Amino acid sequence: MLLTLGCDPELVCRMNGRYTPAHNYFKSHSSMGLDGCESIAEIRPGYSESPIDLAAKIRIILEYGHNKVLKIEFLSGHYTDDYPLGGHIHIGTEPRSEVIDSLDTLLYSFSNCVDDKFQRAKREKSGYEKRKAYRRKSYGFEYRTPGSWLISPAVTLVTLTLAKLAVIAVEEDHLDLTQIKAGSIQQHFLKT
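This structure is a prediction, so every number in the text was calculated from the model and none was measured.

Trainee: Mind laying out the sheet that holds strand β11 (residues 134–137), listing which residues take part and the relevant values?
Mentor: Sheet strands associate in pairs through backbone hydrogen bonding, adopting either a parallel or an antiparallel arrangement. Read from one edge of the open sheet, five strands run β6-β1-β10-β12-β11, paired in antiparallel fashion. Every interior strand has two partners, whereas the edge strands, β6 (47–48) and β11, have only one. Here strand β10 (residues 89–91) runs beside strand β12 (residues 140–143); their pairing, made up of three bridges, is antiparallel. Looking at β12, one finds that isoleucine 91 is bridged to phenylalanine 141.

In structure tokens form, the structure reads like this:
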């Protein structure tokens, strides 16, 4: 299965420890650009079949941002400096309900392990992309539930890898990942 991934995770910019609007430093339609409101920075690394390749592109873009504005700090998460932040993932397949459920199961479980739950709750209360949120796009769909997962290179890579595995589990392995807690997946795997 040829499955492409892309993303446009958001970041808050700070200068000398204080929030500063991203539009002071970056342009709308560039790889280190702006989100819709121009207050938040957004990374656009393009598409890849490989989560490793996509994570490497993100790192290059972040390095460019730091080199362009030497004293700038980028902050990620779910809700920072009174801004809800998104970690939208672009997926090159149809947004079937089974695929969305699979993404929610794996990525929300991972979020429970690494994310600030207070920030996540604040983001959700602001009305910003609750579970199962997606938009159809010409390439497939944009999965909009996650907050900005640019916490570290490892978390970035794991997030993108889990997104790809969640789709493959449904599309190729025909698994229902929402049944993980019921134990039926382990039995099914052993029977295959």
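Continuing now.
Trainee: Break down unusual backbone geometry for me, with residues and values.
Mentor: Unusually for a residue other than glycine, aspartate 81 sits at a positive phi of about 50 degrees. Residue placement: aspartate 81 occurs in the loop between β8 (79–80) and β9 (83–84). Despite not being glycine, aspartate 82 shows a phi value in the positive range, around 65 degrees. Assignment of secondary structure puts aspartate 82 in the loop between β8 and β9.

Trainee: Residue-level account of empty space enclosed by the protein, with values.
Mentor: Scanning the model with the defined rule gives one cavity of 30 Å³ or more in all. In this structure, the largest cavity spans a volume of roughly 150 Å³. If you trace the largest cavity, you find 16 residues lining it, with Leu107, Ser111, Asp115, Pro146 and Gly147 closest to the centre. Of all the elements in the fold, those that place two or more residues in the lining of the largest cavity are α2 (97–114) and α4 (153–171). Examining the composition of the lining of the largest cavity, we find that five residues originate from one element, α2, more than from any other. Here the residues of the lining of the largest cavity sort into eight nonpolar, six polar and two charged.

Trainee: Got a sec to walk through the pattern of salt bridges? Specific residues and values, please.
Mentor: Applying the stated criterion to the full structure yields ten salt bridges. In this structure, aspartate 101 engages lysine 132 in a salt bridge whose closest nitrogen and oxygen atoms are separated by 2.3 Å. Remark: lysine 132 occurs in the loop between α3 (117–125) and β11 and aspartate 101 occurs in helix α2; sequence separation between them is 31 residues. Accessibility expressed as a relative area gives 45% for lysine 132, which makes it partly exposed. The residue aspartate 104 makes a salt bridge to arginine 131 at a minimum N-O spacing of 3.7 Å.

Trainee: Now, about the side chain of threonine 159: what can you tell me, with residues and values included?
Mentor: Tracing the chain through its elements places threonine 159 in helix α4. Those residues within four positions of threonine 159 in sequence are excluded, and the remaining contacts are Ile89, Leu107, Phe110 and Trp149.

Trainee: Tell me about the environment of histidine 23, and name the residues and values.
Mentor: Along the chain, histidine 23 turns up in the loop between β3 (18–19) and β4 (32–34). For histidine 23 and alanine 41, which are 18 residues apart along the polypeptide, the C-alpha to C-alpha distance reads 7.8 Å. Apart from residues no more than four positions distant in its own chain, histidine 23 is found in contact with Leu34 and Glu38.

Rules used throughout
Residues numbered from 1 in each chain as written. Predicted model: local features only at pLDDT ≥ 70, side-chain atom pairs only at ≥ 80, totals over all residues. Heavy atoms only, no water. Pairing = 2+ DSSP bridges. Helix = DSSP H or I, 4+ residues; strand = E, 2+ residues; numbered from the N terminus. 1 Å grid on protein atoms, 1.4 Å probe; cavity = no way out; pocket = protein on both sides within 12 Å on 5 of 7 lines; lining within 4 Å. Points joined across faces, edges and corners; volume = space filled by probe spheres on them. Nonpolar A, V, L, I, M, F, W, Y, C, P; charged D, E, K, R; others polar. Salt bridge = Lys/Arg side-chain N within 4 Å of Asp/Glu carboxyl O. Buried < 20%, exposed > 50% of the residue type's maximum accessible area, 1.4 Å probe, protein only. Contact = heavy atoms within 4.5 Å.

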